[in-house]
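# Observations on the three-dimensional arrangement
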Amino acid sequence: MRKNRLDEDVYILAIESSCDETAAAVVKNGREVLSNVISSQIALHTLYGGVVPEIASRKHIEKINQVIEAALEEAHMALEEMTAVAVTYGPGLVGALLVGVAEAKAIAYGAGKPLVGVHHIEGHVSANFIEHPDLEPPFVCLIVSGGHTHLVVVKDYGEFEILGRTRDDAAGEAFDKVARAVGLGYPGGPKVDKTAKEGNPEAIRFPRAKVEGAPYDFSFSGLKSAVLNYMNHAKMTGEEICVPDLAASFQAAVVDVLVSHTVDAAKNLGYRKVAMAGGVASNSALRAGMRRACKRAGLELYYPSPVLCTDNGAMIGAAGYYEYVNGVRSGWDLNAVPNLRLGER
Ligand code: KG4
Ligand code: ZN
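Remember, it's a predicted structure, so these values are computed and weren't measured experimentally. (Residues numbered from 1 in each chain as written. Chains lettered and ligands numbered in written order. Predicted model: local features only at pLDDT ≥ 70, side-chain atom pairs only at ≥ 80, totals over all residues. Heavy atoms only, no water.)

In this structure, Phe206, Phe250 and Leu286 are the most contacted members of the largest nonpolar core, which totals 49 residues. At the level of elements, β6 (139–144), β7 (149–156), α5 (171–181), α6 (188–196), α7 (221–237), α8 (243–269), β9 (273–277) and α9 (284–297) are the ones that each hand at least two residues to this core. For this core, the element with the highest residue contribution is α8, accounting for 13 residues. Here Phe206 is in contact with Leu223, Ala226, Val227, Tyr230, Leu246, Ser249, Phe250 and Ala253, once residues within four sequence places are set aside. (Core = buried A, V, L, I, M, F, W, Y, C linked by side-chain atoms within 4.5 Å. Buried < 20%, exposed > 50% of the residue type's maximum accessible area, 1.4 Å probe, protein only. Helix = DSSP H or I, 4+ residues; strand = E, 2+ residues; numbered from the N terminus. Contact = heavy atoms within 4.5 Å.)

Lining the immediate environment of ligand 1, one finds 19 residues, of which Gly146, Asp176, Gly189, Asp193 and Asn283 sit closest. Taking Asp193, its side chain carries an N or O atom lying 2.9 Å from a nitrogen atom of ligand 1. Measuring from an oxygen atom of ligand 1, one finds a backbone N or O atom of Asp311 at 3.1 Å. Taken by itself ligand 1 offers 550 Å² of open surface, and the protein chains cover 88% of this. Going through the elements one at a time, α4 (120–131), α5 and α6 are the ones with two or more residues in the shell around ligand 1. Among the residues forming the shell around ligand 1, the class breakdown is four nonpolar, 12 polar and three charged. (Near = heavy atom within 4 Å. Polar contact = N/O pair within 3.5 Å; in protein donor to acceptor, adjacent residues only side chain to side chain. Areas by Shrake-Rupley, 256 points an atom, 1.4 Å probe, with all protein chains shown as cover. Nonpolar A, V, L, I, M, F, W, Y, C, P; charged D, E, K, R; others polar.)

Turning next to the coordination of the zinc ion (ligand 2). In the first shell of the zinc ion (ligand 2), the protein supplies His120 (NE2), His124 (NE2) and Asp311 (OD), at 2.0 to 2.1 Å from the metal. For the zinc ion (ligand 2), the four donor atoms are set out with angles of 95 to 131° between them, so the coordination reads as tetrahedral. Ordering the donors of the zinc ion (ligand 2) by residue number gives the pattern H-x3-H-x186-D. Here His120 and its partner His124 are both found in helix α4, four residues apart, which amounts to about one turn of the helix. (Donors = N, O, S within 2.8 Å, 3.2 Å for Na, K, Ca; no water. Tetrahedral: all angles 85-135°; square planar, octahedral: opposite > 155°, others 65-115°.)

What describes two packed helices is the angle between their axes and the distance between those same axes. Put simply, helix α2 (residues 53–74) and helix α3 (residues 94–111) touch, their axes get as near as 9 Å, and they point 35° apart. Judged by the twist between their axes, the crossing of α2 over α3 is right-handed. Residues Ser57, His60, Ile61, Ile64, Asn65 and Ile68 of α2 touch α3, and the partners they reach there are Gly95, Ala96, Val99, Gly100, Glu103 and Ile107. The residue inventory of the contact of α2 with α3, partitioned by class, reads six nonpolar, five polar and one charged. (Axes fitted to C-alpha atoms, helices over the stretch in contact; angles between N-to-C directions. Left-handed = near helix turned anticlockwise from the far one by under 90°.)

Another aspect to go through is a positive patch on the surface. A cluster of basic side chains, namely Lys267, Arg291, Arg292 and Arg296, defines a positive patch on the protein surface. Counting residues per element, the positive patch draws most heavily on α9, which supplies three residues. Tracing the sequence through the fold places Arg296 in helix α9. With relative accessibility at 70%, the residue Arg296 sits in the exposed group. (Patch = residues over 30% accessible without salt bridge, like charges linked within 9 Å, V, L, I, M, F, W, Y side chains within 5 Å. Salt bridge = Lys/Arg side-chain N within 4 Å of Asp/Glu carboxyl O. Lys, Arg positive; Asp, Glu negative; His and termini not counted. Charge placed at Lys NZ, Arg CZ, Asp CG, Glu CD.)

Right, let's get into unusual backbone geometry. With an omega of 5°, the peptide bond running from Pro137 to Pro138 counts as cis. Mapped onto the fold, Pro138 is located in the loop between α4 and β6. Going from Tyr186 to Pro187, the amide bond is cis rather than trans, its omega being -10°. The topology assignment puts Pro187 in the loop between α5 and α6. With a phi close to 55°, His76 is a non-glycine residue in the positive phi region. Position of His76 relative to the elements: it lies in the loop between α2 and β4 (84–90).

Strands belonging to one sheet form pairs held by backbone hydrogen bonds; the direction of such a pair is parallel or antiparallel. In spatial order, the strands read β3-β2-β1-β4-β5; together these five strands make up an open sheet with mixed pairing. Either end of the sheet is taken by a strand with one partner, and the two such strands are β3 (32–40) and β5 (115–119). Between one strand and the next, the sheet's axes are offset by a mean angle of 20°, whatever the strand orientation. Direction of pairing for strand β1 (residues 11–16) relative to strand β2 (residues 21–28): antiparallel, over a ladder of six bridges. Across the sheet, the residue bridging to Leu13 is Val26, located in β2. This element, α2, spans β1, β2 and β3 of the sheet and lies at about 25° to β2. Contacts from α3 reach β1, β4 and β5, with the element oriented near 160° to β4. (Pairing = 2+ DSSP bridges.)

Under the criterion given, the structure shown has nine aromatic pairs. Taken together, a centroid distance of 5.2 Å and an interplanar angle of 90° make the contact between Tyr109 and Trp332 edge-to-face. Linking Tyr109 in helix α3 with Trp332 in the segment after α11 (313–325), this pair joins segments that are 223 residues apart in sequence. Of the residues examined, Tyr109 reaches a relative accessible area of 60% and is grouped as exposed. With a centroid separation of 3.8 Å and 0° between ring planes, the pair formed by Tyr157 and Tyr322 is classed as stacked. Of the two residues, Tyr157 is situated in the loop between β7 and β8 (159–165) and Tyr322 in helix α11; the sequence distance between them amounts to 165 residues. Take Tyr157: its relative accessible area is 5%, and that puts it in the buried class. The class for Tyr322 is buried, based on a relative accessible area of 8%. (Phe/Tyr/Trp six-rings, centres within 6.5 Å; stacked < 30°, edge-to-face > 60°.)

Right, dumping it as structure tokens:
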């Protein structure tokens, strides 16, 4: 296993701007968060029912300097004391990513620091290292965010084997679309989570999709259609829709599939540790379902605190650290790669 073989402490200034959070953090030796500043644009995008890329880019430009200054200030450290600058360069919204990448390049070049480009999803996975000092690869990780749903084996730091992925919508996307359809608004995930607490998850039996011949792949578009069909049918027959029951039943269908695929993968492939990452990993039903199933199967379960599940700078600092100690250095020509694949450089 590749560990830090450096004698000196490594301080990473990390920058994240791939979607609608402008974030910066200072992370020591990959696992100790000295500051984690997040400026969320959610209120702004709520007006439009989703993230408006143009607005996101403009807001990042407005906020990024303040956020970075605040991160250094909260860590009581100066830029000169940083070992390297890490930045998310993909995947994400191209205009949003570009703001962080351009800023990181300017700062690193100006201060004479190495630059480390980080994969956003590797960041999400690495959020697990921050609060779990005992967690080391290999482990199975379920990555569930607004744009991604992947089941992977984290073989080593920065080394992934993809077992399965979604064939259509990401899990978070399904939450957001269903929330919009039932009038819960944006961002959908947390609203469905909260509303579902008042409902019966067994009230409506929604489909649990399996992908033929690909046991670890996911598909959520059929479930989304089933929810819409249910609503249309209720409207046509004049039945009243119980939104908490609908939210709880939809959530249960998503959670069942996510949990069973993940636990099956760990059992079948012989891994003892399971982790979760991404915004949807903060879902209370998913956490509870995964806890139950892992306990039953004798698996060790890890997930980050909610603030480290959704986009943040600390996770980029953790991933950036492992890339840095593995010798990864980005050139001054580092560019935003909106569709960057996991495991690609
Ligand atoms: O990881 P993230 O912050 O951004 C991406 O990289 O996409 O994930 C955002 C997604 C959104 O779809 C949001 O609705 C979902 O995570 N989410 C949740 C919860 N909190 C955030 N979904 C379900 N339950 C939650 N509690
Ligand atoms: Zn994310």
